[in-house]
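# Structural overview for review
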Amino acid sequence: MATAQHPNARTLRRGIVASALVVGLVGGMVLASATTRVEASSLFGGLRSAGEAAFIAGHRGDRSSAPENTMPAFNAAFDSSMDFIEADIQLTKDNVPVMMHDTFVNRTTNGQGRVRDFTYSEIHKLDAGAWYSPTFQGTHVPKLESLLSLLQAKTAEDNPKKALLELKGFWSLEEVWIVTDLIAKYRVGNVVIMSSFDPVTIDHIHEVDNTLPLAIITNNLPTDPVAYAKLYGAVALIVNQSAVENDPWVVDRMHRSGLGIILYTLNSKAAWERALRLGVDGIITDRPGHLDHWLSRSTAR
């Protein structure tokens, strides 16, 4: 694992990034961060060309068949033909990483309040399945460890599965260590891509372990996407479809630099068709089974 930089160095680096993006000069910067050991083409099974089938990432597992970010959803995704699952991580009050998208537990459990206000013991007692269907009554909010253990088991198969793991919100350097230590414990660093919307969190992941593949999630493309990704040691950008459609050449620019483009969260045939025309590498979707069926009929895979 990489040795963390002095806090002043981190602050200076983030200031340089922000200033460069504002004035549009990031492309001329000297890129200081080390390249991750696993390349996008290896992780994604190659970078795509226009019309070629993108890889499928099940959004929060396979939430079309089970409650999101639960073990039934992850098992359903891993038992399918999809390549990746996408899942969300938050910390409990006692610093246990659990799988949950929302800041509050209200929508997907029978509880009320913020995830960070519950201990793991408390959040484990909540029902995370009854809201979805009586079939899933009694389903628990899983620990990250449960997902990593499953992922580890799947790496032994002929077609190993991979995971896009998003750290929700801001994570301190010390909090990031908790997650990276678990990834090391389960020896799944080669099949995990860490991601976040928060650039400081991305920076912290890269500082803690610069061998872990990173993807930056963004609503809008930065001034120089290639330089921005390389600055943080990222293998890909995860971005909404409209941003790429407004600058379709970004896919070619990223690919020429060995970097990937993943789109979120596309759930219609019309959106899938446009994504394939762009030549993006991956599609995050709530309907992985439908997308897989559509791709099998629409493309040569």
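Refer to the structure presented above.
A brief structural summary. Given the structure is predicted, the values throughout are model-derived calculations rather than measurements.

## What to know about empty space enclosed by the protein
A full pass over the atoms with the stated rule returns one cavity of 30 Å³ or more. Each pocket or cavity is described by its volume, and for the largest cavity that value is around 60 Å³. Around the largest cavity sit Glu68, Asn69, Thr70, Met99, Met100, His101, Thr108, Ala128, Val141 and Pro142, which together line it. Of the residues assigned to the lining of the largest cavity, the class counts are five nonpolar, four polar and one charged.

## As for the nonpolar core
Counting 65 residues, the largest nonpolar core has Phe74, Leu165, Met194, Leu263 and Ile283 as the members making the most contacts within it. With near-sequence residues (within four places) excluded, Leu263 lies in contact with Val239, Asn240, Gln241, Val244, Ala275, Leu278, Val280, Gly282, Ile283 and Ile284.

## Observations regarding the packing of helix 11 (residues 269–278) against helix 12 (residues 288–298)
Where helix 11 meets helix 12, the axes come as close as 11 Å, and the angle between the chain directions of the two elements is 55°. With respect to each other, helix 11 and helix 12 are oriented oblique. The chirality of how helix 11 crosses helix 12 is right-handed. Contacts from Lys269, Trp272, Glu273 and Leu276 of helix 11 reach helix 12 at His290, Leu291, Trp294, Leu295 and Arg297.

## Some remarks on the layout of surface pockets
Of the volumes computed, that of the second largest pocket is approximately 170 Å³. Among the secondary structure elements, those contributing two or more residues to the lining of the second largest pocket are strand 2 (84–91) and strand 4 (162–167). Broken down by element, the lining of the second largest pocket gets its largest block of residues, three residues, from strand 4. Its residues assigned to classes, the lining of the second largest pocket shows seven nonpolar, four polar and five charged.

## Side note on the pairing of strand 8 (residues 260–264)
For strand 8, a buried count of five out of five residues is recorded, marking the element as mostly surrounded by other parts of the structure. Burial of strand 8 is two-sided: the residues Gly260, Ile262 and Tyr264 facing one way and the residues Ile261 and Leu263 facing the other way are all buried. Bridge count between strand 7 (residues 234–240) and strand 8: five bridges; the pairing is parallel. Bridged to Val239 within strand 8 is Leu263. Note that strand 8 and strand 9 (residues 282–285) share two bridges and pair parallel. Among the inter-strand pairings, Leu263 is bridged to a residue of strand 9, identified as Ile283.

What counts and how
- In this numbering scheme, every chain counts its residues from 1 along its sequence in written order.
- For a predicted model such as this one, the threshold for reporting local features is a pLDDT of at least 70, and the threshold for listing and counting side-chain atom pairs is 80 or more; totals across whole chains, interfaces and linings nevertheless cover every residue.
- Hydrogens and water molecules were not included; the side-chain quantities draw on all heavy atoms of the structure.
- Throughout, the protein atoms alone are placed on a 1 Å grid, and a set of points is a cavity if a 1.4 Å probe fits but cannot get out or a pocket if it is open with protein on both sides within 12 Å along at least five of seven lines; lining residues have an atom within 4 Å of a point.
- Grid points are joined across faces, edges and corners, and a volume is the space filled by probe spheres set on the points.
- Each residue gets one of three labels, nonpolar for Ala, Val, Leu, Ile, Met, Phe, Trp, Tyr, Cys and Pro, charged for Asp, Glu, Lys and Arg, and polar for the others, Gly among them.
- Take the buried residues of types Ala, Val, Leu, Ile, Met, Phe, Trp, Tyr and Cys, join any two whose side-chain atoms come within 4.5 Å, and each joined set is a nonpolar core.
- Note on classification: 1.4 Å probe, protein chains only; a residue is buried when its accessible area is under 20% of the maximum for its type, exposed when over 50%, partly exposed between these limits.
- Any two residues having at least one pair of non-hydrogen atoms within 4.5 Å are treated as being in contact.
- Axis definition: a line fit to C-alpha positions, over the contact stretch in the case of helices; interaxial angles, taken between N-to-C directions, run 0 to 180 degrees.
- Each helix is a run of DSSP H or I of at least 4 residues and each strand a run of E of at least 2, with the numbering of both proceeding from the N terminus.
- Roughly parallel covers angles under 35 degrees, roughly antiparallel covers those over 145, roughly perpendicular covers 65 to 115, and oblique covers all other angles.
- Helix crossings are classified by the rotation of the near helix relative to the far one: an anticlockwise turn of less than a right angle makes the crossing left-handed, while a clockwise turn makes it right-handed.
- Note on pairing: DSSP must find at least two bridges between two strands before they are called paired.

Limitation: the analysis is restricted to geometry and does not speak to function.
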